[in-house]
Amino acid sequence: MKKITIAKGDGIGPEIMDATLAIIMAAGAQIQIEEIEVGEKVYLAGNTAGISKESWDVIRRNKIFLKAPITTPQGGGYKSLNVTTRKFLGLYANIRPCVSLHPYVKTKHPLMDIVIVRENEEDLYAGIEHQQTDEVVQCLKLISRPGCEKIVRYAFEYAKQYGRKKVTCFTKDNIMKQTDGLFHKVFDEIAIEYPEIENEHWIIDIGAAKMADTPEAFDVIVMPNLYGDVLSDVAAQIAGSVGLAGSANIGEECAMFEAIHGSAPRRAGQNMANPSGLLQGAIQMLNHIGQTEVAEKVQNAWLKTIEDGIHTYDIYKEGTSKQKVGTKEFAEAVISNLGKLPASFKAVQYAKNTSLNLPTYKRKAAAKKELVGVDLFVHWRGTDANELATLIHKLDSDGASLSMITNRGIKVYPDGFRETFCTDHWRCRFKPAKGSLLSKQNIITLLTQAENLGIDVIKTENLYQFDGVQGYSLGQGQ
Ligand code: NAD
């Protein structure tokens, strides 16, 4: 018997949760339920996080959390509970299966059956943003080796467990050679450990276009957070089933399962909502906790109910559907199909050994790290890079001298183009004399001199090489 936490959420949440629980309990799920209150009521009672400390304790104790959608009140100050939960609990993997239910649910892609594995904790979603000049704001894109290793390994282990044939990686490493480059590199390293699973890498732009056009060419797709956020919605939508998709958020200790749709407040309390999205989340949960036979039974009964044409209003279609039902009646139909297999859909069969081989991250020995330069970012309202260079060259010393200026990444000095548009945010790169290294003291001296000359340095970024390999990008056009 596995103890799990549930939250019935807001809007249609309580109805779809009751339906989901009725189905999985009837199928023989060995779970004991502990309910917590999260969402609108908690927000409006003055808790801006939407969840109390006591509820956190329950979630952390039980480790498995099945959550119905919640309503985040409009207006400032309320923090998204989903984002907080993912980050607090270290739920690094977001798994979203997107499968076509053709011909019962309309889609242009009848053969689509893909799983998006999205990194869930880092990338631009670290939310580290700053305004630095009148004209420029920045958001830091952080990609870590442990983050990459964990998500990529999860994707391959998932593929292995579910009998999937191929894992595809999407990045934009032709442009972001350091961040996306690391993700791609780790993908290549880990792929070698799974020779039985095909692997490939696509640049995200053409990969996304291909996925939207020919999704049947893909199987499992793993990608960094932002791309995964966007493309998992695209994938769910083109499968024809945003309202039918569930998602799992997996961490080393805890996991959270949910529907991908929201609380649909206009449909609340009318016994209309489709419980399938949350049910799909619950099936992922049952697989995760090792109750694969129950998961299989529920999924096959659900597929049979869909192909029998017993549909809630959102997917009901004259001609293909047979009976329009409410939330409760849909759940009853699934329950009456428990033990039966679908006839036209392929019945699912989940692997009985569910233990994924997910070793804890082992930090490698430290590399030899050498300081080989520094970028001074300067707020300057002029427009002529050569004029700025004359000013910045005054900082040159035996320790380091100006080698390049860029504006929004493009080199504007030396040998810039008059046509290049410039903002008030300039990066001035200082390098030591050839063959020598920079010291932190050199940087302090540079900053002190800049201050004395009235140069507005808004940040610095150290340039390192690790074991002799350059750890920073060149200026565009350099
Ligand atoms: P929504 O997903 O709630 O609704 C979009 C549309 O889909 C509506 O027309 C709705 O009636 C329909 N719909 C959604 N789920 C359905 C279901 N199970 N059965 C039948 N029809 C369904 O999105 P929204 O209207 O943009 O957001 C409503 C609220 O949900 C907002 O407060 C938002 O913050 C919240 N939200 C929560 C989550 C979550 O908790 N995971 C996710 C997204 C949105």
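Keep in mind the model is a prediction, meaning the values are calculated, not measured.

Remarks on the nonpolar core
Step number 1: Ranked by size, the top nonpolar core spans 75 residues in total, and within it Ile-24, Leu-66, Ile-95, Phe-156, Val-167, Val-222 and Val-298 carry the most contacts.
Step number 2: If sequence neighbours within four positions are ignored, Val-167 has contacts with Ala-155, Phe-156, Ala-159, Phe-187, Ile-197, Glu-198, Asn-199, Glu-200, Val-220 and Val-222.
Step number 3: Of all hydrophobic cores here, the second largest spans 25 residues; its members include Leu-376, Leu-402, Ile-405 and Cys-428.

Considerations on the side chain of Gln-280
Step number 1: As for its placement among the helices and strands, Gln-280 is situated in helix H9 (residues 276-288).
Step number 2: Leaving out residues up to four positions away in the same chain, Gln-280 has contacts with Leu-244, Ala-245, Gly-246, Gln-299 and Trp-302.

A word on the packing of aromatic side chains
Step number 1: Per the counting criterion, the structure on display carries 12 aromatic pairs.
Step number 2: Relative to Phe-187, the ring of Phe-156 lies with its centre 5.5 Å away and its plane at 35 degrees, an arrangement referred to as tilted. With Phe-156 in helix H5 (residues 145-161) and Phe-187 in helix H6 (residues 179-191), this pair connects stretches of sequence that are 31 residues apart.
Step number 3: By relative accessible area, which is 0% here, Phe-187 ends up buried.
Step number 4: Among the aromatic residues, ring-to-ring pairing joins Phe-156, Phe-187 and Tyr-194 into one connected group.
Step number 5: The ring of Tyr-125 carries the charged tip of Arg-118 above its face, separated from the ring centre by 5.5 Å.
Step number 6: Lys-459 extends its terminal NZ or CZ atom over the ring of Phe-377, reaching a point 4.9 Å from the ring centre.

Considerations on H5
Every α-helix carries 3.6 residues per turn, so stepping three or four residues along brings you back to the same face.
Step number 1: Counted at 1.5 Å a residue, the expected span for H5 with its 17 residues is 24 Å, and the 24 Å between its end C-alpha atoms agrees.
Step number 2: For H5, a buried count of 14 out of 17 residues is recorded, marking the element as mostly surrounded by other parts of the structure.
Step number 3: With a side-chain oxygen positioned 2.9 Å from the backbone nitrogen of Gly-147, the residue opening H5 is Ser-144.
Step number 4: Looking one or two residues beyond H5, the residue adopting positive phi is Gly-163, at roughly 65 degrees.

Quick word on the pairing of strand E2 (residues 31-36)
Step number 1: When strand E1 (residues 2-7) meets E2, the two strands line up parallel, connected through six bridges. Counted as the bridge partner of Ile-6 is Glu-35 from E2.
Step number 2: Of the crossover connections in this fold, the one passing from E1 over helix H1 (residues 13-26) to the parallel E2 is right-handed.

Side note on the pairing of strand E15 (residues 369-379)
Step number 1: Counting buried positions over the 11 residues of E15 gives 10, a clear majority of the element.
Step number 2: Of the pairings in the sheet, the one linking E15 to strand E19 (residues 456-466) comprises 10 bridges and is antiparallel in character. The partner of Lys-369 across the bridge, within E19, is Phe-466.
Step number 3: Direction of pairing for E15 relative to strand E18 (residues 425-431): antiparallel, over a ladder of six bridges. Among the inter-strand pairings, Asp-375 is bridged to a residue of E18, identified as Arg-429.

So, the sheet that holds E15
Step number 1: Read from one edge of the open sheet, six strands run E17-E16-E18-E15-E19-E20, paired in antiparallel fashion. The sheet is open, and its two edges are formed by strand E17 (410-413) and strand E20 (469-470), each paired on a single side.

Let's talk about helix H3 (residues 53-62)
Step number 1: Regarding H3, the residues found buried are Ser-55, Trp-56, Val-58, Ile-59 and Asn-62. When H3 is viewed along its axis, its buried side chains cluster within an angular range of 160 degrees and face the same direction. Exposed side chains of H3 directed beyond 90 degrees from the buried face belong to Lys-53, Glu-54, Arg-60 and Arg-61.
Step number 2: Buried residues belonging to H3 abut E1, E2, strand E3 (64-67) and helix H4 (81-88).
Step number 3: One or two positions beyond H3, positive phi appears at Lys-63, with a value near 75 degrees.

Description of the sheet that holds strand E12 (residues 255-259)
Step number 1: Taken together, 10 strands build an open sheet; the order of strands is E2-E1-E3-E12-E11-E4-E5-E10-E8-E9 and the sheet is mixed. Looking at the sheet topology across the chains shown, the edges are occupied by E2 and strand E9 (198-203). On average, adjacent strands in this sheet sit at an angle of 20 degrees to one another, irrespective of strand direction.
Step number 2: For strand E5 (residues 113-119) and strand E10 (residues 220-223), the ladder comprises four bridges, and the chain directions are parallel. Each bridged residue has a counterpart across the sheet, and for Val-117 the counterpart in E10 is Val-222.
Step number 3: Of the strands in this sheet, strand E4 (93-99), E5, strand E8 (166-171) and E10 touch helix H8 (residues 225-238), which is tilted by about 155 degrees from E5.

Rules used in this analysis
Residues numbered from 1 in each chain as written. Predicted model: local features only at pLDDT ≥ 70, side-chain atom pairs only at ≥ 80, totals over all residues. Heavy atoms only, no water. Core = buried A, V, L, I, M, F, W, Y, C linked by side-chain atoms within 4.5 Å. Buried < 20%, exposed > 50% of the residue type's maximum accessible area, 1.4 Å probe, protein only. Contact = heavy atoms within 4.5 Å. Helix = DSSP H or I, 4+ residues; strand = E, 2+ residues; numbered from the N terminus. Phe/Tyr/Trp six-rings, centres within 6.5 Å; stacked < 30°, edge-to-face > 60°. Lys NZ or Arg CZ within 6 Å of the ring centre and 35° of its normal. Expected span 1.5 Å × (residues − 1). Polar contact = N/O pair within 3.5 Å; in protein donor to acceptor, adjacent residues only side chain to side chain. Pairing = 2+ DSSP bridges. Right-handed = clockwise from strand over helix to strand, strands pointing away. Arc of directions from axis to C-beta. Axes fitted to C-alpha atoms, helices over the stretch in contact; angles between N-to-C directions.

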